[in-house]
Amino acid sequence: MPQRNLSWFLPGAGLLVLILILLSSSAGWTTEDDYMAGYTGADADLTGSDTCVMCHRDYVPESLFSHQAYIDNDTGSEYYGFGCEGCHGPGGNHMGDPEGIINPPMLDAEGITDLCSKCHSNLRTYDLQEWNLSEHYMLDDSCLGCHGGHSDYDDFLTYESSEELCYTCHMEKRAEFNMRSHHPLDEGIVGCDSCHNPHSGVYDGQLVADSDELCFSCHADKEGPFIYDHPAATAGDGCTTCHFAHGSNTDSLLVLPHRLCLQCHTDKEPSIHHPGTCWSSGCHVDVHGSNTHPLFFD
Ligand code: HEC
Ligand code: HEC
Ligand code: HEC
Ligand code: HEC
Ligand code: HEC
Ligand code: HEC
Ligand code: HEC
Ligand code: HEC
Ligand code: HEC
């Protein structure tokens, strides 16, 4: 029986080599030395992925769409060594000695970021500078809190879906998205990543856009301009003074059921003569702004 080895992936890798070469200018890899510089044991020789899988048979990539298969392991190529050793460093001193090889989870957050950033600092939407501003960067397990080096899930996540992944650490969010009023996340219409970028801290709360701009991207009708503005809703950072972003046990994701308006209009006593609220009693119905009435009547 022929031995399974990585050369099975070479035809597919051909196209990917091309892609890698195209990507290489933006990722800043030029030579093998350049690429390997900084790895522990960088003085060791490269052995090639085929050698690794002689002992680590369980780690032969099972599909062309696995991380290892994406990474060129053609020993004839200028990028030789980018296979297993692209993440584990040169294996020449290893041959079974755990000291002689990089085991990524043993690195600190900074080390893991450096390791993955060798290839990913400019790859598509991920940006190292934005990452360094994020709360997630503060995590000790860093990229590996969400991605596995050998995962088969989409985006090489550690969980089957991105939402399930987020819930593993943000457990209370599952309850929020089950409240009476909620953004339709479990319904599959929006995802955590509709509003958050797990890799970027450019905007507060790792949001994908600044403050109300985020909400306007889907609720454009609330942006105005209105002839009669309600500064609470149009001043630029107002949506979350009245609405929760995830879920609420009050209708319309409201933060307060009755005293919502009294947060600011302290001079208006809640009237015992009007059933309901300032808006649901039929008065100030266009609370986000109106083109017909200065008091936001319909
Ligand atoms: C994209 C980076 C990457 C590539 C490429 C890669 N690995 Fe890994 N490897 C990891 C990470 C990260 C872990 C830690 C476990 C995890 O996240 O899956 C790991 C874990 C391992 C382990 C287990 C270590 C332990 O704790 O026992 C072995 C063995 C291993 N890899 C071998 C290989 C071999 C062989 C190849 C080539 C076929 C390879 N790896 C390619 C990133 C990578
Ligand atoms: C001659 C057999 C052999 C070869 C070749 C080999 N390994 Fe290993 N590797 C081992 C053994 C044995 C261990 C120790 C397993 C243990 O401690 O449970 C190990 C451990 C590891 C670990 C875990 C290290 C740790 O800190 O626990 C990683 C990662 C790894 N190997 C990756 C590789 C990579 C990548 C290559 C190719 C460059 C490679 N190995 C080549 C036999 C080998
Ligand atoms: C909090 C979880 C989380 C952390 C931490 C994380 N990622 Fe991701 N990553 C994701 C999710 C979810 C996706 C799927 C697409 C998306 O939502 O952006 C993704 C997608 C990617 C992609 C695919 C390309 C893209 O941007 O769409 C790359 C590359 C990537 N991550 C690399 C990294 C690296 C490198 C690190 C560490 C510096 C890292 N990620 C840290 C969750 C995370
Ligand atoms: C040796 C270069 C290299 C290293 C190091 C590397 N990757 Fe990758 N990674 C790639 C290539 C090539 C692809 C596939 C091309 C693409 O998706 O644009 C990829 C794809 C990905 C994707 C996207 C998968 C998808 O479905 O879109 C994620 C997520 C990712 N890598 C995370 C990581 C993490 C986390 C690390 C650090 C443990 C890491 N990578 C280290 C080269 C690398
Ligand atoms: C490995 C654990 C872990 C995973 C998985 C994880 N997070 Fe986090 N996240 C944290 C920690 C720890 C913090 C900082 C403390 C906090 O705010 O809860 C944080 C903070 C955040 C913040 C607040 C940022 C700020 O500036 O206040 C957002 C938003 C966030 N995560 C979104 C996500 C999303 C979306 C996902 C899924 C793609 C995700 N997280 C997956 C651990 C994780
Ligand atoms: C409709 C947009 C939207 C969706 C979808 C969304 N978020 Fe948020 N999230 C926000 C906004 C806006 C904030 C900031 C809230 C504030 O400033 O009051 C926030 C804040 C957070 C925070 C930090 C503050 C807190 O409430 O703990 C975390 C963590 C978080 N979100 C995680 C998640 C996770 C995990 C998911 C998916 C399960 C998710 N978010 C889905 C808009 C969203
Ligand atoms: C990615 C698109 C998207 C973003 C961004 C977004 N929403 Fe939504 N929002 C929706 C969808 C979809 C619904 C459900 C609409 C429906 O049921 O008709 C919704 C519903 C709502 C509702 C009504 C909920 C109910 O129970 O009736 C409110 C209030 C709301 N969003 C406020 C906000 C606020 C505030 C923000 C900014 C923090 C925001 N949305 C950001 C897509 C989005
Ligand atoms: C002063 C409090 C207040 C502010 C600020 C506010 N809202 Fe509302 N919003 C409400 C109330 C009250 C309702 C319920 C109206 C109803 O039931 O007729 C509502 C309902 C909604 C709805 C669902 C019904 C509809 O009209 O589509 C959406 C979506 C919404 N708001 C988005 C936003 C966005 C986006 C912002 C930021 C620009 C915002 N809101 C700012 C009070 C507010
Ligand atoms: C975050 C603070 C804030 C909240 C909460 C708020 N408002 Fe306002 N509202 C204002 C400001 C500021 C003005 C402009 C006042 C001015 O020009 O004197 C205003 C003006 C108004 C006006 C126009 C008449 C006037 O006094 O100028 C009406 C009507 C109104 N708000 C109704 C509501 C209703 C109904 C709610 C609850 C759904 C509400 N407001 C919640 C801040 C707020």
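Numbering of residues starts from 1 in each chain and follows the order in which that chain's sequence is written. For naming, the first written chain is A and the first written ligand is 1, with later ones following in the order written. Totals for whole chains, interfaces and linings use every residue, but because this is a predicted model, local features are given only for residues with pLDDT of at least 70 and side-chain atom pairs only at 80 or more, for both listing and counting. The side-chain quantities take in all heavy atoms of the structure and omit both hydrogens and water.

Asker: Sorry, what's going on with the side chain of S49 here?
Answerer: Numbering goes from the N terminus for both helices and strands, where a helix is a DSSP run of H or I of at least four residues and a strand is a run of E of at least two. Considering the arrangement of structural elements, one finds S49 in helix α3 (residues 49-55). The cut-offs for exposure are 20% and 50% of the maximum accessible area for each residue type, with area from a 1.4 Å probe on protein chains only; residues under the lower value are buried, those over the upper are exposed, and the others partly exposed. The class of S49 is buried, set by a relative accessible area of 4%. Each polar contact in these results corresponds to two N or O atoms within 3.5 Å; when the atoms are within protein, one needs to be able to donate a hydrogen and the other to accept it, and residues that are neighboring in sequence are counted only if both atoms are side-chain atoms. A polar atom in the side chain of S49 sits 3.1 Å from the backbone nitrogen of C84.

Asker: Would you take a moment to explain the coordination of the iron atom of ligand 2 for this structure?
Answerer: When a metal carries six donors in an octahedron, the ideal angles between them are 90 or 180 degrees, while four donors in a tetrahedron ideally lie at 109.5 degrees. Metal donors: N, O and S atoms at distances within 2.8 Å, or within 3.2 Å for Na, K and Ca, with water omitted from the atom set so that some sites may seem incomplete. Bound to the iron atom of ligand 2 on the protein side are H56 (NE2) and H94 (NE2), at distances that span 2.0 Å. Under the classification used here, a metal with four donors is tetrahedral if each angle lies between 85 and 135 degrees, square planar if opposite donors are over 155 degrees apart and the others between 65 and 115, a six-donor metal meeting that same test is octahedral, and anything else is irregular. For the iron atom of ligand 2, the six donor atoms in the first shell make angles of 89 to 179 degrees at the metal, so the coordination geometry reads as octahedral. Note that H56 is positioned in the loop between α3 and α4 (67-70) and H94 in the loop between α5 (84-88) and α6 (109-120), a separation of 38 residues in sequence.

Asker: Teacher, can you tell me more about the site of ligand 5 here?
Answerer: Near residues are defined by distance, with any heavy atom within 4 Å of the molecule or strand qualifying the residue. The local shell around ligand 5 holds 14 residues, among which H136, C166, C169, H170 and H196 are the closest. A distance of 2.8 Å separates a nitrogen atom of ligand 5 from a polar side-chain atom of H136. One of the side-chain N or O atoms of H170 is found 2.8 Å from a nitrogen atom in ligand 5. With four residues, helix α8 (residues 162-169) is the largest single contributor of residues to the shell around ligand 5. A breakdown of the residues in the shell around ligand 5 according to their chemical character gives six nonpolar, seven polar and one charged. Under this grouping Gly is polar, as are all residues other than the nonpolar Ala, Val, Leu, Ile, Met, Phe, Trp, Tyr, Cys and Pro and the charged Asp, Glu, Lys and Arg.

Asker: Before we go on, may I ask you to explain the environment of T240 in this structure?
Answerer: Locating T240 in the fold gives a position in helix α13 (residues 239-242). Placed 25 residues apart in sequence, T240 and C215 show a C-alpha to C-alpha distance of 9.7 Å.

Asker: Sorry if this is basic, but what is going on with the site of ligand 8 here?
Answerer: With respect to spatial proximity, 18 residues lie near ligand 8, and among them K222, C239, C242, H243 and H288 are the closest. Within the side chain of H243, an N or O atom sits 2.8 Å from a nitrogen atom of ligand 8. Mapped by element, the contributors of at least two residues to the shell around ligand 8 are α11 (211-216), α12 (231-234) and α13. Counting residues per element, the shell around ligand 8 draws most heavily on α13, which supplies three residues. For the shell around ligand 8, the per-class residue count stands at ten nonpolar, seven polar and one charged.

Asker: What am I meant to see in the pattern of salt bridges here?
Answerer: Two side chains with opposite charge may pair up if their charged atoms get near one another. Basic side-chain nitrogens of Lys or Arg form a salt bridge, by our definition, when they fall within 4 Å of a carboxyl oxygen of Asp or Glu. Within the structure shown, the criterion is met by six salt bridges. Between R174 and E164 there is a salt bridge whose closest N-O contact spans 3.1 Å. Separated by ten residues along the polypeptide, R174 in helix α9 (residues 171-176) and E164 in helix α8 bring together distant segments of the chain. Through salt bridges with shared partners, one network takes in E172, K173 and E176.

Asker: How should the coordination of the iron atom of ligand 7 be read in this particular structure?
Answerer: For the iron atom of ligand 7, the full set of protein donor atoms is H183 (NE2) and H219 (NE2), and the range of their distances to it is 2.0 Å. For the iron atom of ligand 7, the six donor atoms in the first shell make angles of 89 to 179 degrees at the metal, a pattern classed as octahedral. Of this pair, H183 sits in the loop between β1 (181-182) and α10 (192-195) while H219 sits in the loop between α11 and β2 (228-229), and the two are 36 residues apart along the sequence. Residue classification places H183 among the partly exposed positions, given a relative accessible area of 26%. Among the residues examined, H219 registers a relative accessible area of 38% and is labelled partly exposed.

Asker: Hey, could you run me through the side chain of Q206 in this one?
Answerer: Within the secondary structure, Q206 sits in the loop between α10 and α11. Side-chain polar atoms of Q206 contact the backbone nitrogen of E135, separated by 2.8 Å. What makes two residues a contact is simply this: any of their non-hydrogen atoms within 4.5 Å. Among residues more than four places away in sequence, those in contact with Q206 are S134, E135, H136, C195, H196, N197, P198, H199, S200 and G201.

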